[in-house]
Each structure stands twice: as C-alpha cells, then as structure tokens.
Amino acid sequence: MSDITGIKKYDVAGHVFAVEDAEGRALTLASYRPFETAEGLPLFTLSVAGEYSDALAAGFEEDTRQDDGDQIIISGKLSDGRKAFVYEWTKGKALLASNADYSQATLYANDEQLRHAVDNSLMLLYALATAPSATLLFHSSTVVSHGKAYMFLGVSGTGKSTHSRLWLKNIEGTWLLNDDNPVVRLDDGGKACVYGSPWSGKTPCYINDHYPLGGVVQLRQAPHNSIRRQTVMEAYASIVGSVSGKRWEKNIADGQHATTDAMIRSVGMWHLDCLPDAAAALLCHDNITKELR
C-alpha cells in the first residue's frame, strides 16, 4: 500500500509529480504504488491540507462547470487570484487552489471525500500541467494486442469497457492496459505511445507500462456492426471530446492542438457502429490492425 507520509513522488508517462501530507492525515493511495519513484524533479506538487469550509471559497468567481451526475466540478479563481476548482457531491464539497502554472496546489477536503478529492485533483493537475509537453490524458478504455495499444473512445455509457472485454475474450494475446484514463505522450520522434496510469475508473488496472499506439476507435451503439475511417474533422472532434484540459487557456490549448494534430497524422482513426458482441470486436480488430501487419 502507498501511504502518504511526508512527500511521495510518482512518475506517470515520464512526468513526475508529488503529493505532500501537510496535516498528518491518513491517506492510502494503493493505485499509485506502481508509479512511485525516488527520482526526478516534480512537475507539480499537491499539498493535502486541512478540511474544507465555505470560508475558504469566499470570493470564488466561476468560469465553467462540469456536471458528471454524481459530482460537479466548478472551475474559476479565488479573490487572491489563484486558480481554483470546487468539487460538489451530494454530501460535501472540496476546494483545490493552484498557482498560475499548476505547479503548486493545495487541496482542502473532509475525510469522507478525501480520497475522491485527491484523485480528482491529481488528474486535473496532471492534465493541465502536462498539456504543453506533448501529453494528453484521455477518457478511454485501452487494450494491448501483439505489442500495440488500441484506444476506444465514446461518451459515458457507449460501451468502451464492454468492447475492451470483447477483445480480451475473443482476440488471443489481448490484455487491458487501462479502463478509464490512459495517457498518450509523443516520443522525441513524434510517435504516440499509450501509458497506463493510476486512474482507471471502476476497474482496478494500474499498470506502469507503455506501448506504441496502433489505432483509435470512436464507438457508437447501433443495431448493426460497421466500421470506417474517420475524416480529419471527425478524428479531431473525437480526440478533443475525450481529453481533459482547459482549452480556453492558450498554452494548454496550443499544446493539446499540437499533440492532437500529430496523432491524427500518424495513427489510424476509426468510427465503429457496433453491437455488444464478439462480431463487433473481430470486425474492429481485423480492420484496424491489417495496416500494421
């Protein structure tokens, strides 16, 4: 188990970040253990501070909000100019306050929301701080088959995890890399690699490894199975709709655009209308891998 005592450092896709226990609160981060490191200068540090109170968010000015059903994430800034996120759940709130470049941030959360708030905060800080460095944090289910990673995109409820399981069941030599938030990073030659992360939704799949990206598939539920290549505009929309970040901040938007453009130029992008059956997985596999044989 990875318990936070003092400062712990983690390396995800070559980006090191740190979590500091500022208040001596018991917090176990088991999913982060495969990513622990003693090396590297942190790109950002999250300090886990005291409990949340409405007074901490006094003067908060809202920019945007995202309602995920079971939680609301509100982005804005505090009266002292720090960037901030307020998390709202049915029972409780939390506040993440950060400096301008997201390199130093402080989290205030009550014990019952602490683990969820830490995960949210680390994902947000990671997506924002790494965007200028050819890195995208995706909402995707991702499998590895014969040395290549394949990402399945789609809105919540589309069946990304189901499609991954169909690959695992019906395509020999396939295994799950991450079921919710893999990371794509371009190497020095501009090729896209997919990395496992400590964030994998409801599926405990925390693998510290990476593989070349073989293809990206946008899924859509349908009464039939059919697959086709995406247009450039479709591919761009698929990626933009599946990555985390503040696209209204120029350095983040510029970084995401450059990485997205490189992915579209170098990786096959597909659209799959599908049923939740073995035939869909086989159709998808046979089409998107034939160019790599």
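Just above, that's the structure.
Residues numbered from 1 in each chain as written. Predicted model: local features only at pLDDT ≥ 70, side-chain atom pairs only at ≥ 80, totals over all residues. Heavy atoms only, no water.

## Some details on the packing of aromatic side chains
Line of reasoning, step 1. Applying the stated criterion across every chain, the model contains 11 aromatic pairs.
Line of reasoning, step 2. With a centroid separation of 6.2 Å and an interplanar angle of 80°, the aromatic rings of Tyr32 and Trp199 are classed as edge-to-face. One end of the pair, Tyr32, is in the loop between strand S2 (15–21) and strand S3 (36–37); the other, Trp199, is in the loop between strand S15 (192–195) and strand S16 (210–221), and 167 residues separate them in sequence. Comparing Tyr32 with Trp199 shows no difference in burial state: the two are buried.
Line of reasoning, step 3. By way of ring pairs, the aromatic residues Tyr10, Phe17, Tyr32, Phe44, Tyr126 and Trp199 are connected into one cluster.
Line of reasoning, step 4. The aromatic ring of Trp270 is capped on one face by Arg229, whose charged end is 4.8 Å from the ring centroid. (Phe/Tyr/Trp six-rings, centres within 6.5 Å; stacked < 30°, edge-to-face > 60°. Helix = DSSP H or I, 4+ residues; strand = E, 2+ residues; numbered from the N terminus. Buried < 20%, exposed > 50% of the residue type's maximum accessible area, 1.4 Å probe, protein only. Lys NZ or Arg CZ within 6 Å of the ring centre and 35° of its normal.)

## Quick notes on the layout of surface pockets
Line of reasoning, step 1. A volume near 1,700 Å³ is recorded for the largest pocket.
Line of reasoning, step 2. When contributions to the lining of the largest pocket are tallied by element, the ones reaching two or more residues are strand S5 (61–67), strand S6 (72–77), helix H1 (114–130), helix H2 (160–170) and helix H3 (232–240).
Line of reasoning, step 3. The element contributing the most residues to the lining of the largest pocket is H1, with eight residues.
Line of reasoning, step 4. Grouping the amino acids of the lining of the largest pocket by side-chain chemistry returns 15 nonpolar, 24 polar and 11 charged. (1 Å grid on protein atoms, 1.4 Å probe; cavity = no way out; pocket = protein on both sides within 12 Å on 5 of 7 lines; lining within 4 Å. Points joined across faces, edges and corners; volume = space filled by probe spheres on them. Nonpolar A, V, L, I, M, F, W, Y, C, P; charged D, E, K, R; others polar.)

## Brief notes about the nonpolar core
Line of reasoning, step 1. Counting 39 residues, the largest nonpolar core has Phe17, Tyr87, Leu107, Val118 and Leu122 as its most contacted members.
Line of reasoning, step 2. For this core, the secondary-structure elements that each account for two or more residues are strand S1 (7–12), S2, strand S4 (44–48), strand S7 (83–88), strand S8 (93–98), strand S9 (104–109), H1 and S15.
Line of reasoning, step 3. By residue number, the principal contributor to this core is H1, which donates 10 residues.
Line of reasoning, step 4. Setting aside chain neighbours within four positions, we find Phe17 in contact with Lys8, Lys9, Tyr10, Val12, Tyr32, Pro42, Leu43, Phe44, Leu122, Tyr126 and Trp199.
Line of reasoning, step 5. Membership of the second largest hydrophobic core comes to 22 residues, among which are Leu136, Ala192, Met263 and Met269. (Core = buried A, V, L, I, M, F, W, Y, C linked by side-chain atoms within 4.5 Å. Contact = heavy atoms within 4.5 Å.)

## Focus on the pairing of S7
Line of reasoning, step 1. Counting buried residues along S7, five of its six residues qualify, which places the element largely inside the surrounding structure.
Line of reasoning, step 2. Sheet topology note: the S7/S8 ladder contains six bridges and is antiparallel. Counterpart to Lys83 in the pairing with S8 is Ser98.
Line of reasoning, step 3. Where S7 hands over to S8, the hairpin turn is made up of four residues, of which Gly92 adopts a positive phi near 110°. (Pairing = 2+ DSSP bridges.)

So far we have only geometry, and geometry alone does not tell us how the molecule works.
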